[in-house]
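Structural description and commentary
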Amino acid sequence: QVQLVEPGGGSAQAGGSLRLPCAASGRTSSRYHMGWFRQTPGKEREFVATINWSASITYLSDSVKGRFTISRDNAKNTVYLQMNSLNPEDTAVYYCGADLRGPTPSRESNWYDFWGQGTQVTVSS
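Each chain has its residues counted from 1, following the order in which its sequence is written. Only residues with pLDDT of 70 or above have their local features reported here, since the model is predicted, and side-chain atom pairs are shown and tallied only from 80 upward, although totals for entire chains, interfaces and linings are computed over all residues. Side-chain metrics in this entry use all non-hydrogen atoms of the structure; hydrogen atoms and water are not considered.

Moving on, we come to empty space enclosed by the protein. Summary: where empty space remains is shown by rolling a probe the size of a single water molecule over the atoms. With a 1 Å grid spanning the protein atoms alone, the term cavity applies to any set of points in which a 1.4 Å probe fits but cannot get out, the term pocket to an open set with protein on both sides within 12 Å along at least five of seven lines, and the term lining residue to any residue with an atom within 4 Å of a point. Grid points are joined across faces, edges and corners, and a volume is the space filled by probe spheres set on the points. Evaluated as defined, the whole model comprises one cavity of 30 Å³ or more. Space inside the largest cavity adds up to approximately 70 Å³. Along the wall of the largest cavity there are eleven residues; nearest its centre are Y32, R72, N74, N77 and T78. Numbering of helices and strands runs from the N terminus; a helix is a DSSP stretch of H or I covering at least four residues, while a strand is a stretch of E covering at least two. Among the elements of the structure, β3 (18-26) and β8 (78-83) are those that each provide at least two residues to the lining of the largest cavity. Residues are grouped as follows: nonpolar covers Ala, Val, Leu, Ile, Met, Phe, Trp, Tyr, Cys and Pro; charged covers Asp, Glu, Lys and Arg; every other residue, Gly included, is treated as polar. Counted by class, the lining of the largest cavity contains six nonpolar, four polar and one charged residues.

Let us now look at the pattern of salt bridges. The term salt bridge refers to a pairing of a side-chain nitrogen on Lys or Arg with a carboxyl oxygen on Asp or Glu at a separation within 4 Å. Applying the stated criterion across every chain, the model contains five salt bridges. Its salt-bridge partner being E46, residue R38 comes within 2.9 Å of it at the nearest N-O pair. Note that R67 is salt-bridged to D90, the shortest N-O span being 2.7 Å. Note that R67 is positioned in the loop between β6 (58-60) and β7 (68-73) and D90 in the loop between β8 and β9 (92-99), a separation of 23 residues in sequence. With respect to class, R67 is no different from D90; both count as buried. Relative accessibility thresholds used throughout: buried, under 20% of the residue-type maximum; exposed, over 50%; partly exposed, between the two (1.4 Å probe, protein chains only).

Centre distance within 6.5 Å is the pairing criterion for rings of Phe, Tyr and Trp, where only the six-membered ring of Trp is used; planes under 30 degrees apart are then read as stacked, over 60 as edge-to-face, and the remainder as tilted. Taken as a whole and judged by the stated rule, the model has four aromatic pairs. An angle of 70° between the planes, with centres 5.6 Å apart, marks the rings of F37 and F47 as edge-to-face. Pair noted here: F37 is in strand β4 (residues 33-39) and F47 is in strand β5 (residues 46-51), with a separation of ten residues, a long-range link. For the pair formed by F37 and F47, the shared burial category is buried.

Assignment of secondary structure puts S54 in the loop between β5 and β6. A residue is classified by how much of its surface remains accessible, and S54, at 48% relative accessible area, is partly exposed. A distance of 2.9 Å separates polar atoms of two side chains, one belonging to S54 and the other to S56. Under the rule applied, a polar contact is a pair of N or O atoms within 3.5 Å (in protein, one hydrogen donor and one hydrogen acceptor; residues adjacent in sequence only if both atoms are side-chain atoms).

The buried fraction of β8 amounts to five of the six residues, a majority that puts the element mostly inside the structure. Pairing of β3 with β8, which is carried by six bridges, proceeds in the antiparallel orientation. In the sheet register, A23 faces β8, and the bridge partner there is T78. Strand pairing requires that DSSP identify at least two bridges connecting the strands. Pairing of β7 with β8, which is carried by six bridges, proceeds in the antiparallel orientation. When the sheet's bridge partners are listed, I70 is paired in β8 with L81.

Geometric descriptors of this kind do not, in isolation, establish any biological role.
In structure tokens form, the structure reads like this:
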């Protein structure tokens, strides 16, 4: 089991920045990929970013490329989503997930085995 906690989130003005951490506990000796997804009411969970165990591979969705970055600190069992140049369309509940399968991190939410509880991000214009 892997437990994920996202203590960040919050509110920002358009053009502002937020950083979301996601701390893992449990099977932290296992090597797994980490990803961020987001969801708004009535919509499916949307891929945002993912990173492999060694941080040598990252993928970002087209909607956040150039504005968001994903990174991880394995010594702290934590993955980060740095969000810059925020706009109101980024408003959503953000979830981090752990992907224990496959050689490369997935952009598909059904590949993720464990999820955090989600954290609300609200961007006002």
